[in-house]
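Here are the chains, one letter per residue:
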Amino acid sequence: MKTDVEELSPTRVKLTIEVPFQELDHAFDVTYKSLAKQVRIKGFRPGKAPARLIDRYVGRGAVISEAVNHAVPELYNEAVQKEEVFALGQPDVEITKLEDNDELTFTAEVDVRPKFEVADWEGVEVTVDDAEVTDEQVDDQLGNLRERFSTLTGADRAAQSGDHVSIDLSAAIDGEALEDVQASGVSYEVGTNTMLEGLDGAIEGLSEGESATFSTKLVGGEYEGREADVTVTVHSVKVKELPELDDEFAQMASEFDTIEELRADVRKRLGEMREAQQRAQARDRAMEKLVDSIDIPLPDSVVTDEVDRRRQSLEQQLQQGGLSKESYLESQEQSEEEFEEELKKSATAAVKAGFVLDQLALQEELSAGQEELSGYVIEQAQRMGVSPDQLVQHLVQSNQIQVAYTEVVRSKAMDLVAAKAKVVDESGNEVRTAGADEAAESSEEAPEAAAEAAEQEAPAEEQEQK
């Protein structure tokens, strides 16, 4: 087999593959065996008819066509591996020469990962937010804790903002009651504006047993967006009472004996959380700065596929949540054009970042072991609310194991960038990113790990070409 590689652009190549007919013997053997089971030739049992009779029965041209269809994918994969072409997606194949007992020639145009090096990736300078915990933040957390231990007490007065009420709702359009648009015994906090526009204003001033009618647009359901007259009836009005911030509250809400011990623990936990956020911010900003510093061409087809994937994912989430795309765009204050523009921008950034991480992983010989893959699967399964076994089965059935491997390796590359970055907070203090030692150690041990994994786990682009 002879292969010629022509670069059509920095992100697309054309392979011309010439194959002598004798190298198609295996493909013809498979084809004859398959056809022999399908055809019925007098005097021969199914699967036993000789090749010369099959040629005569189905036609030599049909046999050649079947054999070529079987051979081309294997020949293409062999060619891209031999020429070290990092193919992305499926190729556009064209048979240019096919002469019986002579030669098969075909071309395959395919997008490829751009060739580049990730230089100067160590020592990326970034600034992150301060991790200092303020008294106000501690008070806010204690306030949230008080909310959890609050009690509701009946109020002998009209409803006000902040009160909790039990209400009935019914709706009518042009005087005709909507049987499917009503609810009873709904609990609602006045002033939150989380149900219907105008509901809060209608409730305020109503006492137990009183009703009011207001006009509003319905949300969700068959009558979504229609103007309707909604009647609200108040059954009860209750006031939220918060416990005092004292030692008794500390003993009730925590394992501590005093409010000062509780306050100190809240401050400590907030500090740990803000430091974790700070490290994540350092990781993201270091990676973003590195990616921005690299100028590479991107295959249009890969960006388009990523745009489609993100659009489908969002539409699926909206459908599961019972929301329309129109209502989503309205909530985001976006037009369809603005949404598509932002979608393409984020998809382009993601594709570029993926290429940079893949290249850095290749340069540093990063790989993922079985334990790391298992950890990734367990983490993703918890996020998705399924068992790890279910997720593994899904990944295998959908041929997504390589995607998981790629995600783990890319994450290790990001950790390496963050570990080598120069990070300071807004006050000028040096920030040490978590996992720096582990990332450095991983980089040092990578050659051995890569050698062990090479037979099973190739880089993402190599797997896509197979």
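Heads up: the structure comes first, above all this text.
On a predicted model such as this, the values are computed, not experimentally measured, just so you know.

Participant: Any chance you could explain the overall build of the protein here in plain terms?
Facilitator: Tallying secondary structure elements over the protein gives 15 helices and 11 strands in all. Over its C-alpha trace the protein gives a radius of gyration of 33 Å, far above what one expects of a compact globule, namely 23 Å for 466 residues. Reported as C-alpha extents along the three principal axes, the dimensions of the protein are approximately 100 × 65 × 40 Å. When burial is assessed residue by residue, the protein has 37% of its 466 residues classed as buried. If you take every contact in the protein between residues at least 6 apart in sequence, the share linking residues at least 24 apart comes to 68%. Split by element, the accessible area of the protein, about 27800 Å² in all, is 44% carbon and sulfur. Counting 46 positive and 104 negative side-chain charges, the protein places the averaged centre of each group 9 Å from the other.

Participant: I keep staring at the packing of helix α10 (residues 336–363) against helix α13 (residues 401–420) and nothing clicks. Help me out?
Facilitator: Any two packed helices are characterised by how steeply their axes cross, that is the angle between the axes, and by the distance between the axes. Across the interface, α10 lies against α13 with an axial gap of 9 Å and an inter-helix angle of 80°. Put simply, α10 runs roughly perpendicular to α13. Where α10 approaches α13, its residues G354, L357, D358, L360 and A361 are matched on the opposing element by T406, V409, R410, A413, M414 and V417. Across the contact of α10 with α13, the residue classes tally to 7 nonpolar, 2 polar and 2 charged.

Participant: Where do I start with the pairing of strand β5 (residues 125–128) in this structure?
Facilitator: Working note: regular strand, side chains alternate between the two faces of the sheet. Burial along β5 is one-sided: V126 and V128 are buried, and none of E125 and T127, which face the opposite way, are. Summarising the sheet, β5 and strand β11 (residues 422–425) pair through 4 bridges and their orientation is parallel. Bridge pairing links T127 to V424 in β11.

Participant: Help me understand the side chain of S254, please; the structure alone is not making it clear to me.
Facilitator: Take S254: it is sitting in the loop between α6 (247–253) and α7 (259–292). In this structure the side chain of S254 is engaged in a polar contact, spanning 2.6 Å, whose partner is the backbone oxygen of A250. Within polar-contact distance, the side chain of S254 engages the backbone nitrogen of F256 at 3.2 Å.

Participant: Before we go on, may I ask you to explain the nonpolar core in this structure?
Facilitator: Within soluble globular proteins, side chains that are nonpolar generally end up buried alongside one another. The biggest cluster of nonpolar side chains holds 43 residues, and the ones touching the most others in it are V118 and V356. Sorting the residues of this core by element identifies β5, α7, α8 (300–320), α10 and α13 as the ones contributing at least two each. In this view, V118 contacts L290, I294, V356, Q359, L360 and Q363; residues no more than four positions away in its chain are not counted. Formed by 33 residues, the second largest nonpolar core is a distinct cluster that contains L15, L35, I64 and F106.

Participant: Where do I start with the sheet that holds strand β3 (residues 87–99) in this structure?
Facilitator: The pairing of strands in a sheet comes from backbone hydrogen bonds and takes either a parallel or an antiparallel form. With antiparallel pairing, 4 strands are arranged side by side in an open sheet as β1-β2-β4-β3. Looking along the sheet, the strands with just one partner apiece sit at the ends: β1 (2–9) and β3. The average undirected angle you get between the axes of adjacent strands in this sheet is 20°. Relative to strand β4 (residues 103–112), β3 runs antiparallel, the two sharing 9 bridges. Bridge assignment links V93 to a residue of β4, and that residue is A108. The sheet contacts of helix α3 (residues 60–82) involve β1, β2 (12–20), β3 and β4, and relative to β4 the element is tilted by about 50°.

Participant: Hey, could you run me through the packing of aromatic side chains in this one?
Facilitator: Two measures describe an aromatic ring pair: the distance that separates the ring centres and the angle between the ring planes. Going through the model one piece at a time under the given rule, you end up with 4 aromatic pairs. Each ring, one from F21 and one from F28, has its centre 5.7 Å from the other, and the planes form 45°; the classification is tilted. Each of the two residues, F21 as well as F28, counts as buried. Arranged with centres 6.0 Å apart and planes meeting at 90°, the rings of F149 and F249 form a pair that is edge-to-face. Here F149 is found in the loop between α4 (135–148) and β6 (151–154), whereas its partner F249 is found in helix α6, with 100 residues between them in sequence. Assessed through its relative accessible area of 28%, F149 is described here as partly exposed. Among the aromatic side chains, those forming a connected cluster through ring pairs are F21, F28 and Y32. In this structure, R113 is placed above the aromatic ring of F86, and the distance from its NZ or CZ to the ring centre is 4.5 Å.

Participant: Is there a simple way to explain the side chain of K352 in this structure?
Facilitator: Within the fold, K352 resides in helix α10. At 5.2 Å, D292 is the nearest oppositely charged side chain to K352, a buried residue that forms no salt bridge. Those residues in contact with K352 that lie beyond four places of it in its chain are V291, D292, I294, I296 and L298.

Here is what the cut-offs are and how they apply
Residues numbered from 1 in each chain as written. Predicted model: local features only at pLDDT ≥ 70, side-chain atom pairs only at ≥ 80, totals over all residues. Heavy atoms only, no water. Helix = DSSP H or I, 4+ residues; strand = E, 2+ residues; numbered from the N terminus. Rg over C-alpha atoms; globule rule 2.2 N^0.38 Å. Buried < 20%, exposed > 50% of the residue type's maximum accessible area, 1.4 Å probe, protein only. Contact = heavy atoms within 4.5 Å. Areas by Shrake-Rupley, 256 points an atom, 1.4 Å probe, with all protein chains shown as cover. Lys, Arg positive; Asp, Glu negative; His and termini not counted. Charge placed at Lys NZ, Arg CZ, Asp CG, Glu CD. Axes fitted to C-alpha atoms, helices over the stretch in contact; angles between N-to-C directions. Parallel < 35°, antiparallel > 145°, perpendicular 65-115°, else oblique. Nonpolar A, V, L, I, M, F, W, Y, C, P; charged D, E, K, R; others polar. Pairing = 2+ DSSP bridges. Polar contact = N/O pair within 3.5 Å; in protein donor to acceptor, adjacent residues only side chain to side chain. Core = buried A, V, L, I, M, F, W, Y, C linked by side-chain atoms within 4.5 Å. Phe/Tyr/Trp six-rings, centres within 6.5 Å; stacked < 30°, edge-to-face > 60°. Lys NZ or Arg CZ within 6 Å of the ring centre and 35° of its normal. Salt bridge = Lys/Arg side-chain N within 4 Å of Asp/Glu carboxyl O.

Don't take any of this as a statement about function, it's just geometry.
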